[in-house]
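Below, each chain spelled out in residue letters.
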Amino acid sequence: MNYVNCNLCGADEWVVRFPSTLNGSADLDVDAFRCTSASYGRHPQIVACQQCGYVYANPRWESADVLTAYTAVEDATYAEERTGRELTFSKHLRDMEQRIGPANGRSLLDVGAYIGVFVEVARDAGWNAYGVEPSRWGVRMGRARGLPIIQGTQHSPALQNMAFDVITMWDVIEHVDDPLSELRKAYSLLKPGGVIVVHTMNIDSVTARLMGERWPWLMDMHIHYFGRKTLTAMMRKAGFDVFWTGTQGRYLRLGYLATRVRGLHSGLGQLAERIVKRLHLESVAIPVNFGDLFTVYARRP
Ligand SMILES: [Zn+2]
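Right, let's walk through the structure included here. Values in this document were obtained by computation on a predicted structure and should not be read as measured data.

Examining the sheet that holds strand E3 (residues 55-57)
Two orientations exist for strands paired in a sheet by backbone hydrogen bonds: parallel and antiparallel.
Argument step 1. Pairing is antiparallel in the open sheet, where four strands are placed in the order E1-E2-E3-E9. This sheet does not close on itself; its edge strands, each paired only once, are strand E1 (14-18) and strand E9 (224-225).
Argument step 2. Sheet analysis places E3 next to E9, joined by two bridges and oriented antiparallel. Bridge assignment links Val 55 to a residue of E9, and that residue is Tyr 225.

Examining the sheet that holds strand E7 (residues 164-170)
Argument step 1. In space, the seven strands of this open sheet follow the order E6-E5-E4-E7-E8-E13-E10, with mixed pairing throughout. Across the chains shown, the open sheet's two edge strands, defined by having one partner strand only, are strand E6 (149-151) and strand E10 (241-247). Neighbouring strand axes in the sheet, compared pairwise and without regard to direction, differ in orientation by 20° on average.
Argument step 2. With three bridges connecting them, strand E5 (residues 128-133) and E6 associate as parallel partners. Counterpart to Gly 131 in the pairing with E6 is Ile 149.

Quick look at helix H6 (residues 179-189)
Argument step 1. Looking only at H6, the buried set comprises Pro 179, Leu 180, Glu 182, Leu 183, Lys 185, Ala 186 and Leu 189.
Argument step 2. Buried-residue contacts for H6 involve strand E4 (107-111), E7, strand E8 (190-201), E9 and helix H8 (228-237).

Some words on the nonpolar core
Argument step 1. In terms of nonpolar packing, the biggest core is built from 35 residues, with Tyr 54, Leu 183, Ile 196 and Met 235 touching the most fellow members.
Argument step 2. Mapped by element, the contributors of at least two residues to this core are strand E2 (46-49), E4, E7, H6, E8, H8 and strand E13 (293-299).
Argument step 3. Counting residues per element, this core draws most heavily on H6, at four residues.
Argument step 4. Excluding anything up to four places from it in sequence, Leu 183 contacts Ile 173, Ile 196, Val 198, Met 234, Met 235, Ala 238 and Phe 240.
Argument step 5. Counting residues in hydrophobic clusters, the runner-up holds 26 residues, among them Ile 100, Leu 108, Val 121 and Ile 149.

Digging into the coordination of the zinc ion
Argument step 1. Around the zinc ion, the donor atoms from the protein are Cys 6 (SG), Cys 9 (SG), Cys 49 (SG) and Cys 52 (SG), and they sit 2.3 Å away.
Argument step 2. Coordination geometry of the zinc ion: the four donor atoms subtend angles of 101 to 114° at the metal centre, consistent with an arrangement described as tetrahedral.
Argument step 3. Linear spacing of the donor residues for the zinc ion on their chain is C-x2-C-x39-C-x2-C. Taken together, the residues Cys 9 in the segment before E1 and Cys 49 in strand E2 connect sequence positions 40 residues apart.
Argument step 4. The class for Cys 9 is partly exposed, based on a relative accessible area of 35%.

Brief notes about unusual backbone geometry
Argument step 1. Each neighbour pair has its own omega, and for Asn 58 with Pro 59 the value is 0°, a cis peptide bond.
Argument step 2. Mapped onto the secondary structure, Pro 59 falls in the loop between E3 and helix H1 (63-72).
Argument step 3. One non-glycine residue with positive phi stands out, namely Asn 104, at about 50°.
Argument step 4. In this structure, Asn 104 sits in the loop between helix H3 (82-100) and E4.
Argument step 5. The exposure class of Asn 104 is exposed, given its relative accessible area of 71%.

Quick notes on the packing of aromatic side chains
Argument step 1. A full pass over the atoms with the stated rule returns 11 aromatic pairs.
Argument step 2. When the centroid spacing of 6.1 Å and the interplanar angle of 70° are considered together, the rings of Tyr 130 and Phe 164 count as edge-to-face. With Tyr 130 in strand E5 and Phe 164 in strand E7, this residue pair connects regions lying 34 residues apart in the sequence.
Argument step 3. Here Tyr 130 falls in the partly exposed class, since its relative accessible area comes to 23%.
Argument step 4. Within the aromatic cluster, the residues linked to one another by ring pairs are Tyr 54, Tyr 56 and Phe 226.
Argument step 5. Note that Arg 99 overlies the ring of Trp 244, its terminal NZ or CZ placed 3.6 Å from the centroid.
Argument step 6. Just above the ring of Phe 243 sits the side chain of Arg 299; from NZ or CZ to the centre is 4.7 Å.

Parameters at a glance
- Residues numbered from 1 in each chain as written.
- Predicted model: local features only at pLDDT ≥ 70, side-chain atom pairs only at ≥ 80, totals over all residues.
- Heavy atoms only, no water.
- Pairing = 2+ DSSP bridges.
- Helix = DSSP H or I, 4+ residues; strand = E, 2+ residues; numbered from the N terminus.
- Axes fitted to C-alpha atoms, helices over the stretch in contact; angles between N-to-C directions.
- Buried < 20%, exposed > 50% of the residue type's maximum accessible area, 1.4 Å probe, protein only.
- Contact = heavy atoms within 4.5 Å.
- Core = buried A, V, L, I, M, F, W, Y, C linked by side-chain atoms within 4.5 Å.
- Donors = N, O, S within 2.8 Å, 3.2 Å for Na, K, Ca; no water.
- Tetrahedral: all angles 85-135°; square planar, octahedral: opposite > 155°, others 65-115°.
- Phe/Tyr/Trp six-rings, centres within 6.5 Å; stacked < 30°, edge-to-face > 60°.
- Lys NZ or Arg CZ within 6 Å of the ring centre and 35° of its normal.

Right, dumping it as structure tokens:
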């Protein structure tokens, strides 16, 4: 594992926010990098920059190993959760159009598109939407539905001659090696006046503060923990004009939610699973908003 400087201000002075829970085994486990990984509570040391307050995993896995893990990742649970994701992404799209207007044939790139659920929802709404995704499995799944998904990252050669009206990053920025350079790359792939939408967990939220060590988003695959202050600062540093931030919820199937509760508290989780099963509520999707996810909208001047 490597020690890294603060991605926001470059300083290397930090205090420990959450000690490592890896118990000496620092092996990178590809399964832990699945989007639906249940490896809650397992994470490297998480620190806060003393200069700017940015929170990040340090030391952490080699960047090449992280990308290799994301290229190899397969996630059947996520594919099964398609209905819940469709509801969530439809809601994300509605919220987005409220802020930046309807498609009108505009182009959109979804970064970290995974199996392409947002790309599909956006295309259905008239966006000329593309996805880019490192997971070969995810790309295969998306292409099987006829979606234009490019395998790789924003740096893929196929993207370098393209320019987009909108770039979206849903639950992606907390996973990447170098968020500031990804934001700068997004800036260069946007047309002047284009909009970037970044959605991630909020380490400064009341939920995160109350739960402390037990906040479920503290996990292996999350290496950056933003708050509104640090994410907007980083987006400004990348050249963007931030024009909206706020919390957004998601839809989860009750059956799935119960299994996630188990990751938090096994007794409570088993009880929840039994109740959901008894009442045949597994496939009922409900809106969930713990206030610990947020979205930032910004424009390339
Ligand atoms: Zn810093």
